[in-house]
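Descriptive structure summary
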Amino acid sequence: MIYKVYYQETKKRNPQRETTQSLYLEADTEVAARVLVEDNTEFNIEFIEPLEGNFLDYEQKNPEYQLTEFNK
């Protein structure tokens, strides 16, 4: 399944909506998606949203849509 992960680049500041960024990744579960991001980045994860059906189709039309892959 594809997940959209909303995050802040650092855990040192309080989250601000204006600086929230996102990435897309493929994982078996939401928990696995969180572990992938936490193990490979210093990001402060705000929310993980599963994408499927029309929601996934909409996101894939965004020119910035790109699956993030981490080296295991």
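Residues numbered from 1 in each chain as written. Predicted model: local features only at pLDDT ≥ 70, side-chain atom pairs only at ≥ 80, totals over all residues. Heavy atoms only, no water.

1. Quick look at the overall build of the protein
Looking only at helices and strands, the protein features 2 helices and 3 strands. N-terminal to C-terminal, the α/β element order of the protein is β-β-α-β-α. Over its C-alpha trace the protein gives a radius of gyration of 12 Å, about what one expects of a compact globule, namely 11 Å for 72 residues. Judged by the C-alpha coordinates and their principal axes, the protein covers about 35 × 30 × 20 Å. Residue burial in the protein is summarised as follows: out of 72 residues, 29% are buried. Contacts in the protein between residues far apart in sequence, at least 24 positions, make up 62% of those at least 6 positions apart. Here the protein displays about 5600 Å² of accessible surface, and carbon together with sulfur accounts for 44% of that area. (Helix = DSSP H or I, 4+ residues; strand = E, 2+ residues; numbered from the N terminus. Rg over C-alpha atoms; globule rule 2.2 N^0.38 Å. Buried < 20%, exposed > 50% of the residue type's maximum accessible area, 1.4 Å probe, protein only. Contact = heavy atoms within 4.5 Å. Areas by Shrake-Rupley, 256 points an atom, 1.4 Å probe, with all protein chains shown as cover.)

2. Notes on the pattern of salt bridges
In a structure, side chains of opposite charge can pair up when their charged atoms sit close to one another. One pass over the structure, following the stated rule, counts 2 salt bridges. A salt bridge links Glu-59 to Lys-4, with the shortest nitrogen-to-oxygen separation between them at 3.2 Å. Taken together, the positions of Glu-59 in helix H2 (residues 53-60) and Lys-4 in strand E1 (residues 2-8) put the pair 55 residues apart, joining distant regions of the chain. Lys-4 carries the same exposure label as Glu-59, and that label is buried. Here Arg-34 ties to Glu-38 by a salt bridge, and the two come within 3.7 Å at their closest N and O atoms. Of this pair, Arg-34 and Glu-38 both sit in helix H1 (residues 30-40), 4 residues apart, which is roughly one turn of that helix. Here Arg-34 falls in the partly exposed class, since its relative accessible area comes to 32%. (Salt bridge = Lys/Arg side-chain N within 4 Å of Asp/Glu carboxyl O.)

3. Let's talk about the environment of Val-31
Looking at the secondary structure, you find Val-31 in helix H1. On the basis of relative accessible area, Val-31 is assigned to the exposed category, the value being 60%. When the C-alpha atoms of Val-31 and Glu-18 are compared, they prove to be 26 Å apart, with 13 residues separating the residues in sequence.

4. Concerning the side chain of Thr-41
Considering the arrangement of structural elements, one finds Thr-41 in the loop between H1 and strand E3 (44-51). A distance of 2.7 Å separates a polar atom in the side chain of Thr-41 from the backbone oxygen of Val-37. Within polar-contact distance, the side chain of Thr-41 engages the backbone nitrogen of Phe-43 at 3.3 Å. (Polar contact = N/O pair within 3.5 Å; in protein donor to acceptor, adjacent residues only side chain to side chain.)

5. Quick look at the side chain of Lys-4
The class of Lys-4 is buried, set by a relative accessible area of 10%. Looking at Lys-4, its side chain comes within polar contact range of the side chain of Glu-59, at 3.2 Å. If sequence neighbours within four positions are ignored, Lys-4 has contacts with Ser-22, Leu-23, Tyr-24, Phe-47, Ile-48, Glu-49, Leu-51 and Glu-59.

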